[in-house]
Amino acid sequence: MTVLDRPVQAPESAGAVRAVLALARVEARRLLLHPMVAIALAGYLLWPLWSGSWRDTHQVLQEVDRESQLGPLLVGLAGLLAANSAVLRSLRHGTEAHFGVLVMPPWRRTVAHALSVLPLTLVVAAAVAGMFAWEATRPGAVGHASGFELATGPLMVLFFGVLGVLLGRLVPSMFAGATAVVAILAVTFVFAVLPDGVRWLVPLVADEGAAPLPSDLVGRPARWHALYLVGLTVLAGAVAALASGGRTAAVRATALGALGVTVAGTVMQVTGPSAALVEARERATRDPASVQECLRRGTTTYCAFPEFVPWVDEWRVVVDGVRSLAGEPAASRGLVVRQRVNALDGPSGGGPSGIVEELPPGPRGEVTVSTVWGDEGRLGLAVSVARGMVVDDENHGVYCDARGVLMMWMAVNGAPGGRAAFARTQTSTLWSPLLEIRLRDRENAVVRALLERPAAEVARQVKASWAELVRPDASTDRVAALLGVTAPAETAADREWRCA
Amino acid sequence: MRRETVVRALLRPAARCLPWTALAAGGGLGLVLVAVPGLFSPDIGVDAVVNLLRMAALGGALAIAFVFDDPARHTVAVLPVPRPLRQGLRVALLLPPVAVWWAVVLGVAAAGTDDVALPVGALTGEAAALCALAVGLAAGAVRFTALTAPGPAAAGTLLALFVAATVLADDVPLLVPFGDDRWESAHRLWTVLLLLASAAWVVCALEPRRRLTPARAQPPVIVRTGRSGR
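Residues numbered from 1 in each chain as written. Chains lettered and ligands numbered in written order. Predicted model: local features only at pLDDT ≥ 70, side-chain atom pairs only at ≥ 80, totals over all residues. Heavy atoms only, no water.

Asks: What is the right way to look at the overall build of chain B in this model?
Replies: Scanning chain B from N- to C-terminus turns up nine helices and zero strands. Ordered by position from N to C terminus, the α and β elements of chain B give α-α-α-α-α-α-α-α-α. Within chain B, the proportion of its 230 residues that are buried is 44%. In chain B, once contacts between residues fewer than 6 apart in sequence are set aside, the share between residues at least 24 apart is 74%. (Helix = DSSP H or I, 4+ residues; strand = E, 2+ residues; numbered from the N terminus. Buried < 20%, exposed > 50% of the residue type's maximum accessible area, 1.4 Å probe, protein only. Contact = heavy atoms within 4.5 Å.)

Take a look at the structure:
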């Protein structure tokens, strides 16, 4: 009787390890071919083609790295369900009792299931690496990616898979896995605005919305988050092994070690940005000149954060395009195009005090360019430069006179592709990085009428009467008469604007 | 035997077979999700509350996907009680507690956001469509496979569909933000979905004229004949 009191422990041997690996191999294949996982993988790999994002240029790599995490999250959730289903398969098919007579104890089977997630993880890691390599070699890619951000996606896949194994060992129904998926989706996407201390406990922290920051100002604790995920993964695996009877010293030690790592990662990732980083962000936001590189091209000086210098020649095309439409003296006046960011509440800022929602206007003689480039960025810069040429003032305001018409016309004509972009939008607002040019219906009608006329002819007329057009007292009727179109009457909606 | 007697005799066993644990877990999760804003961040915004209610509805619907799980399916199949009656009974038994749970969820959510009116009717429509989809998928799994537990497959499919609708939100306007231009048309789509899913359940509940044969035990030709039988 005493002999049968405890289950017979299989001797530790190379054979036991080989058996675990053999089972892991079989389960890994089944996991990869599970319908949910296969569909999720296919969707993840085909998404860039479907959405057309594979054609994007001018990527900022410190954004690309963290955008690489969403697809793996969904693959990981499919992996969670599939791994959960695999662990419960023997229960579902009533073969658990047959496994009971095998030499391999249940906890080793659990370990094999946990290991079976590794190949899926590697597939996702290869996909992340491939997609990143593609984006990094696209024209105009700038910045520096973080390896830890790129690793977060695959690590999530591994964690979710092992979590599926753990849930299968704790709850003998696949409902637990499905509930866990809903919970993960809810905390990741619905509670998007969690307080700083809690948000990093969620596997994926998106930080969307803000303009890209220079990579040395990004304050995301990516390395500690990766450590946290590794700790959680090992912890989940060890607890699953413990729950299925693997109460050996090694498993206990692994669980304890993983708990320590998880706690360490948790603590480190919620400490927030260092004082030096906060100071660097303050400086980059309030006094960008002190950290920028400036290049002189003709009468224009371009100042950019060092990583963004490769964009200067493309900025130049837009700036020169808008400048060539201006009359003297504005056309040959010195101009500084300065890149500016609001780094105070940027990616995982944990911004201290004085959060500025919007950048304050720059000094006279300077126009602002942002850290986004592409079609939208082109038009934005054109708006900035046109405003600099015409009013040289980055304060807000609606110009209900010749200057409003002139700025809009110059921006749309100066930017490559600007006319097409403006024709597509039915609004009367163009956004520059700092502010928008907003027109009343009346001025908007004049601009649209001007765009109907031959551009070269209008450009000649603009140059000829430049001095009169930029005067604060030049009315909309006057600009319409000078440039050969008619202005409609002021509408009731027009009169409600507060004009500058 | 008269049908009433059969139904009365079936009530207790059917109630015992329902996925109460799953419902408790899914319903509990839904309640926790909608209670969080009220407890911790009351200014979360009506958009987020609408999305939380959707997640809660999804949690409930996932539990309902397990409604036709029946380990004794193959033994029960020989009884002279038709499948529509058995399945209808299960759904009928499930409806009242689910309705009460949803009312509580809505109440908790409304208590968390007392200054804005939630689109209660529209969200109830979405939740009903999700639940009908769960029932329809489970009935489809019962109809076209020999599974005794169609729940996991139905729940997995439902989850995949929900995630797909989220990812393809621009192309498939179902999960639109509250106040969006497409809100009305989205809810017409939800209504269509509810009707289609209910119809799918009715069609799938009917027993095929021939017995479904396990795929592996028979040559493929016979399997096809078996599956196409009505």
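Moving on, there is more to tell.
Asks: For this particular structure, what's the right way to read the packing of aromatic side chains?
Replies: To describe a pair of aromatic rings, one takes the distance between the centres and the angle between the planes. Here the structure, examined in full by the defined rule, presents eight aromatic pairs over all chains. When the centroid spacing of 5.4 Å and the interplanar angle of 85° are considered together, the rings of Phe175 of chain A and Phe66 of chain B count as edge-to-face. Of this pair, Phe175 of chain A sits in helix α10 (residues 175–190) while Phe66 of chain B sits in the loop between α3 (46–64) and α4 (73–76), on two different chains. Residue Phe175 of chain A is classed as buried on the basis of its relative accessible area of 4%. Given a relative accessible area of 5%, Phe66 of chain B falls into the buried group. Both rings, one in Trp101 of chain B and one in Trp102 of chain B, keep their centres 5.9 Å apart while their planes meet at 50°; by these two values the pair is tilted. (Phe/Tyr/Trp six-rings, centres within 6.5 Å; stacked < 30°, edge-to-face > 60°.)

Asks: Hey, could you run me through the pairing of strand β3 (residues 335–339) of chain A in this one?
Replies: Along any regular strand the residues' side chains alternate between the sheet's two faces. All names here are of chain A. Most of β3 sits inside the fold, with four of its five residues counted as buried. For strand β2 (residues 300–304) and β3, the ladder comprises four bridges, and the chain directions are parallel. For Thr300, the partnering residue across the bridge sits in β3 and is Leu335. In terms of handedness, the path from β2 via helix α15 (residues 312–323) over to β3 forms a crossover that is left-handed. Judged from the four bridges that link them, β3 and strand β4 (residues 366–369) form a sheet pairing that is parallel. Directly across from Val337, in β4, lies its bridge partner Val367. (Pairing = 2+ DSSP bridges. Right-handed = clockwise from strand over helix to strand, strands pointing away.)

Asks: Just checking my understanding: could you explain the UniProt feature "transmembrane region" (unreviewed entry) in chain A for this structure?
Replies: Summarizing the sequence annotation, UniProt attributes the feature "transmembrane region" (unreviewed entry) to residues 31–50, 70–91, 111–134, 146–167, 174–194 and 224–243 of chain A in the numbering used throughout. Helix and strand shares over residues 111–134 of chain A are 92% and 0% respectively, and the end C-alpha atoms of the span are 36 Å apart. (UniProt positions renumbered as here; feature names shortened; annotations may be inferred.)

Asks: Whenever I open this one, the nonpolar core confuses me. Can you help?
Replies: One recurring pattern in soluble globular proteins is that nonpolar side chains are buried together. Formed by 110 residues in total, the largest nonpolar core has its most connected members in Leu53, Leu62, Phe68, Trp102 and Leu159 of chain B. Those residues within four positions of Leu159 of chain B in sequence are excluded, and the remaining contacts are Leu81, Ala178, Val181, Val182 and Leu185 of chain A together with Leu58 and Leu62 of chain B. (Core = buried A, V, L, I, M, F, W, Y, C linked by side-chain atoms within 4.5 Å.)

Asks: Looking at this model, I keep getting lost on the pairing of β2 of chain A. Mind explaining?
Replies: Residues and elements named next belong to chain A. Counted residue by residue, β2 has five buried out of five residues, so it is predominantly covered. What you see with β2 is no split at all: Thr300, Tyr302 and Ala304 on one side and Thr301 and Cys303 on the other are buried throughout. Bridge count for strand β1 (residues 293–297) against β2 is five bridges, and the pairing is antiparallel. Within β2, the residue paired with Leu295 across the bridge is Tyr302.

Asks: What exactly am I supposed to notice about a nonpolar patch on the surface here?
Replies: All names here are of chain A. On the surface, Trp224, Leu227, Leu256, Leu259, Val261, Val263, Val267 and Met268 cluster together into a nonpolar patch covering about 640 Å² of accessible area. Contributions of two or more residues to the nonpolar patch are made by α12 (222–243) and α13 (249–269). With six residues, α13 is the largest single contributor of residues to the nonpolar patch. Within the secondary structure layout, Met268 lies in helix α13. (Patch = residues over 30% accessible without salt bridge, like charges linked within 9 Å, V, L, I, M, F, W, Y side chains within 5 Å. Areas by Shrake-Rupley, 256 points an atom, 1.4 Å probe, with all protein chains shown as cover. Salt bridge = Lys/Arg side-chain N within 4 Å of Asp/Glu carboxyl O.)

Asks: I would appreciate a short explanation of the packing of helix α8 (residues 118–136) of chain A against helix α9 (residues 147–170) of chain A in the present structure.
Replies: All names here are of chain A. It is at 8 Å that the axes of α8 and α9 come closest, and there the two elements cross at 160°. Between α8 and α9, the interaxial angle falls into the category roughly antiparallel. For the crossing formed where α8 meets α9, the hand is right-handed. Where α8 approaches α9, its residues Leu118, Leu120, Thr121, Val124, Ala125, Val128 and Phe132 are matched on the opposing element by Leu150, Pro154, Val157 and Leu158. (Axes fitted to C-alpha atoms, helices over the stretch in contact; angles between N-to-C directions. Parallel < 35°, antiparallel > 145°, perpendicular 65-115°, else oblique. Left-handed = near helix turned anticlockwise from the far one by under 90°.)

Asks: I tried to follow the interface of chain B and chain A on my own but got confused; where do I start?
Replies: One widely used convention gives an interface's size as the accessible area the parts lose upon coming together. Taken together, the 24 residues of chain B in the interface contact 17 residues of chain A. Interface of chain B and chain A: buried area, both sides summed, is about 1700 Å²; carbon and sulfur atoms make up 93% of it. Linking chain B with chain A are zero salt bridges. Joining chain B to chain A, the criterion identifies zero residue pairs in polar contact (both at pLDDT 80 or more). (Buried area = accessible area lost by both parts, 1.4 Å probe. Polar contact = N/O pair within 3.5 Å; in protein donor to acceptor, adjacent residues only side chain to side chain.)

Asks: Is there a simple way to think about the packing of helix α1 (residues 14–33) of chain A against helix α7 (residues 106–115) of chain A in this case?
Replies: Packed helices, taken two at a time, are described by their axes: the angle between them and the distance between them. All names here are of chain A. In the contact formed by α1 and α7, the axes pass within 8 Å of each other and the chain directions differ by 45°. Comparing the axis directions of α1 and α7 gives the class oblique. For the pair α1 and α7, the sense of crossing is right-handed. On the side of α1, the interface is formed by Ala16, Val20, Leu21, Leu23, Ala24 and Glu27, while α7 contributes Arg108, Arg109, Val111, Ala112, His113 and Leu115. Considered class by class, the residues forming the contact of α1 with α7 number eight nonpolar, one polar and three charged. (Nonpolar A, V, L, I, M, F, W, Y, C, P; charged D, E, K, R; others polar.)

Asks: I'm lost on unusual backbone geometry in this one. Help?
Replies: Of note in this structure, His58 of chain A is not a glycine but carries a positive phi near 55°. Within the secondary structure layout, His58 of chain A lies in the loop between α2 (35–51) and α3 (61–67).

Asks: Explain the sheet that holds β4 of chain A to me, please; I cannot follow it from the model alone.
Replies: For sheets, the rule is that strands pair by backbone hydrogen bonds, running either parallel or antiparallel. Residue and element names in this part refer to chain A. Read from one edge to the other, the open sheet built from four strands follows the order β1-β2-β3-β4, with strand pairing classed as mixed. Each edge of the open sheet is held by one strand with a lone partner, namely β1 and β4. The mean angle between the axes of side-by-side strands here comes to 20°, regardless of whether they run parallel or antiparallel. α15 rests against β1, β2, β3 and β4 of the sheet, and its axis sits at about 145° to β2. Contacts from helix α16 (residues 375–390) reach β3 and β4, with the element oriented near 170° to β4.

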